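Listed here are the chains, written in short residue letters.
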Amino acid sequence: MSEELYKQMAQCIIDGDSDISVELAKKSIELKMHPLETITKGFVVGVNYIGDQFGLGEAFLPELVMAGEAMKAAIAVLEPELLKLGETRQMLGRVVLATVEGDIHEIGKTLVGTMLSASGFEVVDLGVDQPADKIIGKALEINADIIGMSALLTTTMVRQREVIEELDKEGLRPRIKVMVGGAPITRDWVTKIKADGYSEDAIGAVKIAKELMGKAD
Amino acid sequence: MEPLKFLSDDDLKAMHEATLHIMSEVGIIWTHKPSLDILLGAGCTVKGNRISMPAELVMDSVAKANKRPKIRGRNGQVNELGGGNLYFHNLGGARDVFDARAGTRRIATDQDVIDATRVLDALPNCHTVTPFFTPQDVPGELMSLFMYRHSLPHTTKPLQGPGIQFAEEVKHAVEMAQVVGTTPAELTLSLSPVSPLTIHDPAAAAIVEMAKAGVICANLPAPIGGATSPMTISGSLVQQSAESLALLVLAQIVNPGCGVVYCGRLGMLEPRTGLIWGGVELGMSSAATVQLGHYYGFSVNVYGFSTNAHTLDAQNAFERGLNATIPALAGADELSGIGEMEAGVMGSYGQMVLDNELVGSVMRLRSGLSADVEHLAVEIIGNVMNGTRNYLGQKHTLKHLRAGELALTKLAERNSWETWEGKLERKQMADHAVDEAERILREHQVPPLEPQQEKELDKIMAAAEKEMVKKKKK
């Protein structure tokens, strides 16, 4: 019975259908299935599948976004049940995300946030145009493991370095790891500014975040 | 020639009406208080964080704008935009340089800002220059001004842009242009709103400053169809137009009659890897943007040369060839992209030279065919049939060769295999282009600025640094 339901859960994530993912999450509660198992054996399977397909060039970005949203919707239903049981979903790590100061683009960063959340990270997304002190302040406040910074413009990517320099000055690395991303970001740039990781896409970002937490697949 | 049309008159009217509907009914996110007050005073209304612009105000602003601005270089060259000519300029804001000899890339340096400007200055088919590269050791706040300052001494052509982001940049850019004799009304500045339909505070503040200074507003909405605008190109064009016109409305209230260029930088989502710059959708949407801008009587500036390719290869050539040709045939007034590679993050000197030659072919297409008596050549045909029975010795032949009936190329390979393999050592078009770029860099001399002008530029940059960098570091 639950095997069949797990399959449907995975499928609704693959289809990016938030209505059905919410419906199935509610059904699992009625059936008194364990919320944690529902997440890991059902919904997460779908997220992983779509991520793999994207990596193979078989799935499209909009499918990734819709899968992430469907996942979020299901988790929102299941999380209160976990709390009732006195359990929490084991988090892989805490991440502060932001687009750097002077840059107001955030589609890619938001997608990274969605995929990180869907994969089990706790994510605080500060939004766009965030100065170094705000990003670092928030990271300290929530005791973040990772700071993720985005920049879309060749003229604003230089700001990523400012945040890293500030972290170094405060002696906050390697405690806080730094991931960077955005259209103009290259491996050379990452090396130059001494960031800890980068990815060209949201699926890769999840992989990097797991590696930085020592929890590689 | 008759302009190429993707959209019928009815299509254009429908898109115009859809644009006005979006501006008045959907509204535009706008939170910058001083400019909001200006807009409210002119009849706009606010719902939540969105401003609604009534159709009459939009059309009144369109009517007021100077749609035939002229831009000037320090050599006195004037490009009159919207007067029927097509002007080409280069890509602005590339991060990397493609080294065609090695097949590798490297990060652009300060020297590349200078070298790119010199190469573009030497290429006759690059009519307007914009600062090309973004060296990464420059503080972010100063990037645009730095690029502009270090380009100015190395071309005498109209040097336009830079793309700006902050109000503070306007004053310094205008001052620098004035040092080389370009008045604000002859200088274009650009900034990009955020798609969808969002004018963030620095952009709104910058538009007010641009309009006050009287510069030509060539703002660049750059939506990505499927991500920040609808997946359908027509829907994206409507949204792009609303974004463009929204900035125009503010500028025309602040300074009625200031110059405007209608620009579009619509790209499309590559649903697997990010952004399409090379697909024919770009050429098509650029052509449609030209039609839409001309519908209002504006001169129009869109993408021209654009590719996703990483080398000077076949994909590169066919993508940029198509994407420049389609909007050119639709009647574009300005096309961008000379030297561009890899969706705009890279450029190369060889590519600039190749594009210079491609412009020649595009211009030939634009000049079209004539069916007048002279070109029908009935009399010549009769003479030849009564005489030598070939056209080689006819004055008519030489006259029209000289008059440009053929776009005679310098780089394209048109020899026999033997000549190509022997004398030309199997060099292909791109090899010739790289040779030529290196020759230009070795030999091309640009008349330098006066020492006094250099000093003034340094002074302006020092003031900008003090004002913009130090202030932020507090």
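Just so you know, these numbers come straight off a predicted model, no measurement behind them.

### Quick notes on the confidence of the model for chain B
For step 1, the next point in the chain: Of all residues in chain B, 99% have pLDDT values of 70 or greater, and the mean over the chain is 95.
For step 2, the next point in the chain: Interface confidence for the predicted complex, expressed as ipTM, amounts to 0.74; the pTM equals 0.90.

### Remarks on the sheet that holds strand S15 (residues 274-276) of chain B
Residue and element names in this part refer to chain B.
For step 1, the next point in the chain: Reading across the sheet, the three strands line up as S12-S14-S15 and stay open at both edges, with mixed pairing between neighbours. Lying at the two open borders of the sheet, with one neighbouring strand each, are strand S12 (224-225) and S15.
For step 2, the next point in the chain: Pairing geometry for S12 and strand S14 (residues 267-270), over two bridges, is parallel. Bridged to glycine 225 within S14 is methionine 268.

### Things to note about the interface of chain A and chain B
For step 1, the next point in the chain: Contacts between the two partners involve 16 residues from chain A and, on the opposite side, 19 residues from chain B.
For step 2, the next point in the chain: When contributions to the side of chain A that touches chain B are tallied by element, the ones reaching two or more residues are helix H4 (61-84) and helix H7 (158-169) of chain A.
For step 3, the next point in the chain: Of the residues assigned to the side of chain A that touches chain B, the class counts are eight nonpolar, six polar and two charged.

### A word on the sheet that holds strand S18 (residues 340-341) of chain B
For step 1, the next point in the chain: Read across the open sheet, the four strands follow the order S8-S7-S19-S18 (chain B); overall the sheet is mixed. Of all strands in the sheet, those with a lone pairing partner are strand S8 (104-107) and S18 of chain B, marking the two edges.

### Re the packing of helix H2 (residues 33-41) of chain B against helix H8 (residues 233-254) of chain B
To characterise two packed helices, one gives the angle between the axes of the helices and the distance between these axes.
All names here are of chain B.
For step 1, the next point in the chain: For the pair H2 and H8, interaxial distance at closest approach is 10 Å and the crossing angle is 80 degrees. Taken together, the axis directions place H2 and H8 in an arrangement best described as roughly perpendicular. For the pair H2 and H8, contact is made by Ser35, Ile38 and Leu39 and by Leu250, Ile253 and Val254, respectively.
For step 2, the next point in the chain: Looking at the contact of H2 with H8 residue by residue, the class counts come to five nonpolar, one polar and no charged.

### Here's the deal with the pairing of strand S17 (residues 334-338) of chain B
For a regular strand, the rule is simple: side chains alternate between the two faces of the sheet.
Residues and elements named next belong to chain B.
For step 1, the next point in the chain: The buried fraction of S17 amounts to five of the five residues, a majority that puts the element mostly inside the structure.
For step 2, the next point in the chain: Bridge count between strand S6 (residues 87-90) and S17: three bridges; the pairing is parallel. Within S17, the position partnered with asparagine 90 by the bridge is isoleucine 338.
For step 3, the next point in the chain: Here strand S16 (residues 300-303) pairs with S17 via three bridges, running parallel. Residue asparagine 301 lies in a different strand from S17, and its bridge partner there is glutamate 334.
For step 4, the next point in the chain: You can see the chain leave S16, run along helix H10 (residues 314-329) and come back into S17, and the turn it takes is right-handed.

Each value, and the rule that gives it
Residues numbered from 1 in each chain as written. Chains lettered and ligands numbered in written order. Predicted model: local features only at pLDDT ≥ 70, side-chain atom pairs only at ≥ 80, totals over all residues. pLDDT = per-residue confidence, 0-100. Pairing = 2+ DSSP bridges. Helix = DSSP H or I, 4+ residues; strand = E, 2+ residues; numbered from the N terminus. Contact = placed C-beta atoms within 7 Å. Nonpolar A, V, L, I, M, F, W, Y, C, P; charged D, E, K, R; others polar. Axes fitted to C-alpha atoms, helices over the stretch in contact; angles between N-to-C directions. Parallel < 35°, antiparallel > 145°, perpendicular 65-115°, else oblique. Buried ≥ 20, exposed ≤ 12 C-beta atoms within 10 Å, placed from the backbone. Right-handed = clockwise from strand over helix to strand, strands pointing away.

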